[in-house]
Amino acid sequence: MHWLLPRILLTLMAGAVGAGLGLALANWTDLRSLGMLLGAATGIGLIVAVDVLRARRLLSWLREARTDRAPHHTGFWGEMGYRVERALQARDKDLQAARQRIEQFLSAIEASPNGVVMLDAQGQLLWCNSTAADHLGLDPLRDLQQPITNLVRAPEFVAHLHAGTPEEPVQFSIPGRPGTLSIIVRPYGDGQRLLLTQDVTERLRVDGMRRDFVANVSHEIRTPLTVVSGFIETMSQLEPTAAERKRMLELVAEQTQRMRTLVDDLLSLAQLEGSPRPSGDTWVDVHALMQRVLADGRALSAGRHRIEVDEGPGGAIAGNEAELLSAFGNLMSNAVRYTPQGGRIEILWQRRGNGSGAFEVRDTGPGISADHLPRLGERFYRVDSGRSRASGGTGLGLAITKHAVMRHGGEMQVESVLGEGSTFRLVFPPARVR
Ligand code: ADP
């Protein structure tokens, strides 16, 4: 209130000065008191006029919401302007800080791998991050304030939203968008809802693969197990002759061998998947590898095929010897097992212009039709199941080969003409070949 007293004094002084002047003026007339009154009123009027002027300047500054300094006055209006200016500056600072916090919060949600959608109490779109926009095909600006069920029409999604806020997520597909989405609805605030979306396509694919894998393994083991348990039952109930007994034991040994091969292949696959990539410092001699593969192939063929080798320029591959041997060996074993007697098998090593190296197995076997080629290398994928099983195949050989080559940075290529033969090629990148 320190401004009030000087102000009253100033007004009184203006009144007194005005009255004095009025009195001096009135000395020449008879209207002494009227002159005094007019003088005092003029003095006070001047003060009020100055006040009004200053108040108007402050008001127009406020109305224009100016960001520059308040009008510079002394006394009451000066302090008033200064205080208002300070209050406005403090509000602007708070607003700026709040805006920054919201922006940080939104960019954190934006970075989330999940889609986030905020709906108002009427189910209209308030905000969504770009992941949700991509999942649900929304336009975060154009679709604001639109009912979400008009924007996303998948029946499972609409039914789930209408069901309120069920705990369980629901899975659905959007027409025209590949893959499957999962969505969770959570209530917040005053009737608003938060939708969390997730692309579960890959997870479902992996789950499916795992299920298929377990089913395939069980199936592969069940067949020999059934045979073995059948023989055990027969032998315990009947009195087989020595020759029958010998024959049965041979068949039991064959089936147990089959199970052992399957378990070995499963362990090889598990080891390939669970161990770190082979180092790039250990060099495996290609010539030595090919000689071992050749010897194994000839032993398996037992003279039924003509097997030839072309070692080319030789060289070495950086990696794991056991894995490379198993990759090359599986191709040779397949060529021998699938190529009919009298057929020709050739293994080659070639260096390419770009420095890469390729190991190839060519055969004159039955060949594989083009529609099967993309699936070769999938676990338990067989083109000819009968021949595979009859020749002791597990359906895992090419999966092991493909995996081992990929761990060395390479790839498996297959070319085949039905009725003429196949070429399986393992290509290793320049960094792993010397
Ligand atoms: P398998 O143990 O059944 O041989 P693989 O994974 O090694 O399993 O091979 C997958 C399938 O590819 C085989 O079942 C067979 O039908 C086919 N296949 C593989 N190699 C050859 C080949 N050289 N000639 C013809 N078919 C082949």
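Residues numbered from 1 in each chain as written. Predicted model: local features only at pLDDT ≥ 70, side-chain atom pairs only at ≥ 80, totals over all residues. Heavy atoms only, no water.

## Focus: the pairing of strand 11 (residues 411-417)
Link 1 in the chain: Judged by which residues are buried, strand 11 turns out to be one-sided: Met412, Val414 and Ser416 face inward and are buried, whereas Glu411, Gln413, Glu415 and Val417, on the alternate face, are not.
Link 2 in the chain: The pairing of strand 11 with strand 12 (residues 421-428) spans seven bridges and is antiparallel. In the sheet register, Ser416 faces strand 12, and the bridge partner there is Ser422.
Link 3 in the chain: The hairpin formed by strand 11 and strand 12 contains three residues between the paired strands, and Gly419 there has a positive phi angle of roughly 85°. (Buried < 20%, exposed > 50% of the residue type's maximum accessible area, 1.4 Å probe, protein only. Helix = DSSP H or I, 4+ residues; strand = E, 2+ residues; numbered from the N terminus. Pairing = 2+ DSSP bridges.)

## Structural notes on the domain arrangement of the chain
Link 1 in the chain: The domains assigned to the chain are domain 1 (4-91), domain 2 (113-199), domain 3 (215-274) and domain 4 (283-432).
Link 2 in the chain: On a C-alpha basis, the centroid separation for the pair domain 2 and domain 3 is 53 Å. (Domains from an automatic or database assignment.)

## A word on the nonpolar core
Link 1 in the chain: With 41 residues, the main nonpolar core has Phe328, Ile347, Trp349, Phe359, Leu426 and Phe428 as its most contacted residues.
Link 2 in the chain: Taken together, the elements giving at least two residues each to this core come down to helix 8 (242-274), helix 9 (286-301), helix 10 (321-338), strand 9 (344-351), strand 10 (357-363), helix 12 (397-407), strand 11 and strand 12.
Link 3 in the chain: Per element, the largest residue contribution to this core is eight residues, and it comes from helix 10.
Link 4 in the chain: Here this core spans two domains, and each of domain 3 (215-274) and domain 4 (283-432) adds at least three residues to it.
Link 5 in the chain: Discounting residues that sit within four places of it in the chain, Phe328 has contacts with Leu289, Val293, Ile317, Phe359, Leu426 and Phe428. (Core = buried A, V, L, I, M, F, W, Y, C linked by side-chain atoms within 4.5 Å. Contact = heavy atoms within 4.5 Å.)

## Considering the pairing of strand 1 (residues 115-119)
Link 1 in the chain: Counting buried residues along strand 1, four of its five residues qualify, which places the element largely inside the surrounding structure.
Link 2 in the chain: Both strand 1 and strand 5 (residues 192-199) contribute to a ladder of five bridges, which runs antiparallel. By the bridge assignment for strand 5, Leu119 is matched with Arg193.
Link 3 in the chain: Both strand 1 and strand 2 (residues 125-128) contribute to a ladder of three bridges, which runs antiparallel. Looking at the pairing, Val117 lines up with Cys128 of strand 2.
Link 4 in the chain: Once strand 1 ends, the chain turns through five residues before running back antiparallel as strand 2, passing Gly123 with a positive phi of about 80°.

## Comments concerning the packing of helix 9 against helix 10
Link 1 in the chain: Where helix 9 meets helix 10, the closest approach of the two axes is 9 Å, and the angle between their N-to-C directions is 35°. The element helix 9 and its partner helix 10 pack so that their crossing is right-handed. Here Leu289, Arg292, Val293, Leu294, Gly297, Leu300 and Ser301 of helix 9 lie close against helix 10, whose contacting residues are Glu321, Leu324, Leu325, Phe328, Gly329, Met332, Ser333, Val336 and Arg337.
Link 2 in the chain: In the contact of helix 9 with helix 10, the residues fall into nine nonpolar, four polar and three charged. (Axes fitted to C-alpha atoms, helices over the stretch in contact; angles between N-to-C directions. Left-handed = near helix turned anticlockwise from the far one by under 90°. Nonpolar A, V, L, I, M, F, W, Y, C, P; charged D, E, K, R; others polar.)

## Quick look at the sheet that holds strand 12
Link 1 in the chain: Across the sheet, which stays open at both edges, the five strands sit in the order 7-9-10-12-11 with mixed pairing between neighbours. The open sheet terminates on both sides in strands that have one partner only, identified here as strand 7 (306-310) and strand 11. Each neighbouring strand pair of the sheet contributes to a mean axis angle of 15°, computed without reference to strand direction.
Link 2 in the chain: Strand direction decides the pairing type here: strand 7 and strand 9, joined by five bridges, are parallel.

## Re the pattern of salt bridges
Link 1 in the chain: One pass over the structure, following the stated rule, counts 23 salt bridges.
Link 2 in the chain: Note that Arg407 and Glu323 form a salt bridge whose closest N and O atoms lie 2.8 Å from each other. In this pair, Arg407 is assigned in helix 12 and Glu323 in helix 10, connecting sequence segments 84 residues apart. Here the two residues Arg407 and Glu323 agree in accessibility, since each one is buried. (Salt bridge = Lys/Arg side-chain N within 4 Å of Asp/Glu carboxyl O.)

## Topic: unusual backbone geometry
Link 1 in the chain: Notably, Gln145 is not glycine yet its phi reads approximately 70°, a positive angle.
Link 2 in the chain: Here Gln145 shows up in the loop between helix 4 (130-136) and helix 5 (148-151).
Link 3 in the chain: The class of Gln145 is partly exposed, set by a relative accessible area of 46%.
Link 4 in the chain: Positive phi, close to 65°, is recorded for Phe380, a residue that is not glycine.

## Some remarks on the environment of Ile221
Link 1 in the chain: Within the secondary structure, Ile221 sits in helix 7 (residues 201-237).
Link 2 in the chain: On the basis of relative accessibility, which here comes to 25%, the residue Ile221 falls in the partly exposed class.
Link 3 in the chain: Apart from residues lying up to four places away in sequence, Ile221 is in contact with Met259 and Leu262.

## A short note on the site of the ligand
Link 1 in the chain: Neighbouring the ligand are 20 residues; Asn334, Arg337, Tyr338, Ser388 and Leu398 lie closest to it.
Link 2 in the chain: Tyr338 is positioned with one of its side-chain polar atoms (N or O) 2.7 Å from an oxygen atom of the ligand.
Link 3 in the chain: A distance of 2.8 Å separates a nitrogen atom of the ligand from a polar atom in the side chain of Asp363.
Link 4 in the chain: Taken together, the elements giving at least two residues each to the shell around the ligand come down to helix 10, helix 12 and strand 12.
Link 5 in the chain: For the shell around the ligand, the leading source of residues is helix 10, giving four residues.
Link 6 in the chain: Partitioned by chemical class, the residues of the shell around the ligand number nine nonpolar, seven polar and four charged. (Near = heavy atom within 4 Å. Polar contact = N/O pair within 3.5 Å; in protein donor to acceptor, adjacent residues only side chain to side chain.)

## With respect to the side chain of Gln255
Link 1 in the chain: Within the secondary structure, Gln255 is located in helix 8.
Link 2 in the chain: The exposure class assigned to Gln255 is buried, which follows from its relative accessible area of 10%.
Link 3 in the chain: Once residues lying within four places of it in the same chain are set aside, the contact partners of Gln255 are Pro224, Val227 and Val228.

## Notes on the packing of aromatic side chains
The description of an aromatic ring pair uses the distance of the two centres, along with the angle that the planes make with each other.
Link 1 in the chain: Enumeration over the complete set of coordinates arrives at four aromatic pairs.
Link 2 in the chain: Here the aromatic rings of Phe157 and Phe172 are separated by 5.4 Å at their centres, their planes lie at 45°, and the arrangement is tilted. In this pair, Phe157 is assigned in helix 6 (residues 155-162) and Phe172 in strand 3 (residues 170-172), connecting sequence segments 15 residues apart.
Link 3 in the chain: Residue Phe157 is classed as buried on the basis of its relative accessible area of 1%. (Phe/Tyr/Trp six-rings, centres within 6.5 Å; stacked < 30°, edge-to-face > 60°.)

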